[in-house]
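# Residue-level structural notes
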Amino acid sequence: MLKISDFARLGQVSMRTLRYYDEIGLLKPVQVDTLTGYRYYAVEQLTRLHRILDLKEMGFELAQIVQLLDEQVTPEHFRSVLQQRLAEVQQQILIEQERQARIEARLKQLALDSQQASYEVVLKRLKPQLVASSRTTVPSVALQLRFARQMLQFLKECGVRTSEQLLLLTLDTNGEGDRSLVEVAIPVEGSSVGNIVERSSGHITIRELPAVTAATLLYRGDPYGLSEVYQSLGAWIEAHGYAVAGPSRHLLLHYQDEPGSCLSEVQLPVERKEGGAGRLFLHSGRRPVGAEGVALPARATAGS
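Here the focus is the overall build of the chain. Within the chain, the regular secondary structure consists of 9 helices and 14 strands. Accessible surface computed for the chain: about 17200 Å², of which carbon and sulfur atoms make up 50%.

As a further point, take unusual backbone geometry. Even without glycine at this site, Gln-12 takes up a positive phi of about 60°. As for its position among the elements, Gln-12 is in the loop between α1 (4-11) and α2 (15-23). The phi dihedral of Ser-201 is positive, around 55°, even though this residue is not glycine. Summarising the element assignment, Ser-201 is placed in the loop between α7 (196-199) and β9 (205-209).

On to the pattern of salt bridges. Counted by the stated rule, this structure contains 8 salt bridges. Taking the shortest distance from any N to any O, the salt bridge between Glu-189 and Arg-161 comes out at 2.7 Å. Of this pair, Glu-189 sits in the loop between β8 (181-187) and α7 while Arg-161 sits in the loop between α6 (141-157) and β7 (166-172), placing them 28 residues apart in sequence. Classification of Arg-161 as partly exposed rests on a relative accessible area of 42%. Taking the shortest distance from any N to any O, the salt bridge between Lys-273 and Glu-238 comes out at 3.1 Å. Of this pair, Lys-273 sits in the loop between β13 (263-272) and β14 (282-285) while Glu-238 sits in helix α8 (residues 226-239), and the two are 35 residues apart along the sequence.

Another point: the packing of aromatic side chains. In this structure the tally under the stated criterion is 3 aromatic pairs. Between Phe-7 and Tyr-41 the ring centres are 4.5 Å apart and the planes differ by 10°, which places this aromatic pair in the stacked class. Taken together, the residues span a long stretch of sequence, with Phe-7 in helix α1 and Tyr-41 in strand β3 (residues 39-41) at a distance of 34 residues. Using a relative accessible area of 0% as the deciding quantity, one classes Phe-7 as buried. The class for Tyr-41 is buried, based on a relative accessible area of 0%.

For the rest of this paragraph, the subject is the sheet that holds β3. Taken in spatial order, the 3 strands of this open sheet run β1-β3-β2, and their pairing is antiparallel. Where the open sheet ends on each side, the last strands, each with one partner, are β1 (2-3) and β2 (31-32).

Mapping Ala-185 onto the fold places it in strand β8. Classification of Ala-185 by relative accessible area gives buried; the value is 0%. Separated by 53 residues in sequence, Ala-185 and Ala-132 have C-alpha atoms that sit 5.6 Å apart. Ignoring sequence-local partners within four residues, the contact set of Ala-185 consists of Val-131, Ala-132, Leu-166, Leu-167, Leu-169 and Leu-209.

This part is about the packing of helix α3 (residues 45-57) against helix α4 (residues 62-70). Here α3 crosses α4 at 135°, and the two axes come no closer than 10 Å. When the axes of α3 and α4 are compared, the pair comes out oblique. α4 is crossed by α3, and the crossing has right-handed handedness. Listed contacts from α4 to Arg-48, Arg-51, Ile-52, Leu-55 and Lys-56 of α3 are Ile-65, Leu-68, Leu-69 and Asp-70. For the contact of α3 with α4, the per-class residue count stands at 5 nonpolar, no polar and 4 charged.

When pLDDT is averaged across the chain, the result is 80; 79% of the residues are at 70 or more. Scored below 50 in pLDDT, residues 114-118 shows 11 contacts in the model against residues more than four places distant or in partner chains. Note on residues 277-304: pLDDT is under 50 here. Beyond four places in sequence and across chains, it has 118 contacts.

Definitions and cut-offs
Residues numbered from 1 in each chain as written. Predicted model: local features only at pLDDT ≥ 70, side-chain atom pairs only at ≥ 80, totals over all residues. Heavy atoms only, no water. Helix = DSSP H or I, 4+ residues; strand = E, 2+ residues; numbered from the N terminus. Areas by Shrake-Rupley, 256 points an atom, 1.4 Å probe, with all protein chains shown as cover. Salt bridge = Lys/Arg side-chain N within 4 Å of Asp/Glu carboxyl O. Buried < 20%, exposed > 50% of the residue type's maximum accessible area, 1.4 Å probe, protein only. Phe/Tyr/Trp six-rings, centres within 6.5 Å; stacked < 30°, edge-to-face > 60°. Pairing = 2+ DSSP bridges. Contact = heavy atoms within 4.5 Å. Axes fitted to C-alpha atoms, helices over the stretch in contact; angles between N-to-C directions. Parallel < 35°, antiparallel > 145°, perpendicular 65-115°, else oblique. Left-handed = near helix turned anticlockwise from the far one by under 90°. Nonpolar A, V, L, I, M, F, W, Y, C, P; charged D, E, K, R; others polar. pLDDT = per-residue confidence, 0-100.

Here's what the structure looks like:
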């Protein structure tokens, strides 16, 4: 048997950690001296200690590790647990990558604060459009785009004729935490939709986006500088006697390239205020820093 100090040295953990693992029943010594309370461990227990440390490095909580090691978990269940953990890590990576991109966009903005540029805000009449639609509350732009691409792939596999352009409608920004309710809308040919609603278990619906008048702005780059675009559109709308009249639309025109070269059009439905002037469309101001714009199967991932 090994003294706790020797076992801690071999396992590359502190004695304090071993005492805590004993307290919570995660790794108990094989013997405790009744007079001194000193703990002794067997060399064979290093295997369990290494498994504990390995699972901890994967991000599992100690309570989860107790269950995984002590409840006779089958290999199939353990594999399922690891796959779930992998999905959580992948989602967190996407969220952190988006956070990194937002910081980089802000740094670029600070570097360009002294530069002035002009860009056009154009008032358009958007025609009614038949779309395949599904809703999601995933918390980041990257995950929204992944959701949209999976939905597009699902539609193609079902034989639906679609546009390659994606449309994201922000329906509600007052969800829990950073989550917004977003509707993914993909233009489709009505004659090809078939029974797509049933095949998606109702997660995908077919509807017509109504015709609207919208203030629009073309935006090239990654999706993380859009707050600057909306601020500029808002200023134009106010200055020209309009008011926002519906959910914002983010039309992704080209989104397969590097983020900095993506092209999208931001569309804000508007209506004329009483007495509004509605003058022409050129707006001058600071150019926005960035630029533009889970596996579905839809039945498994899409919101409704």
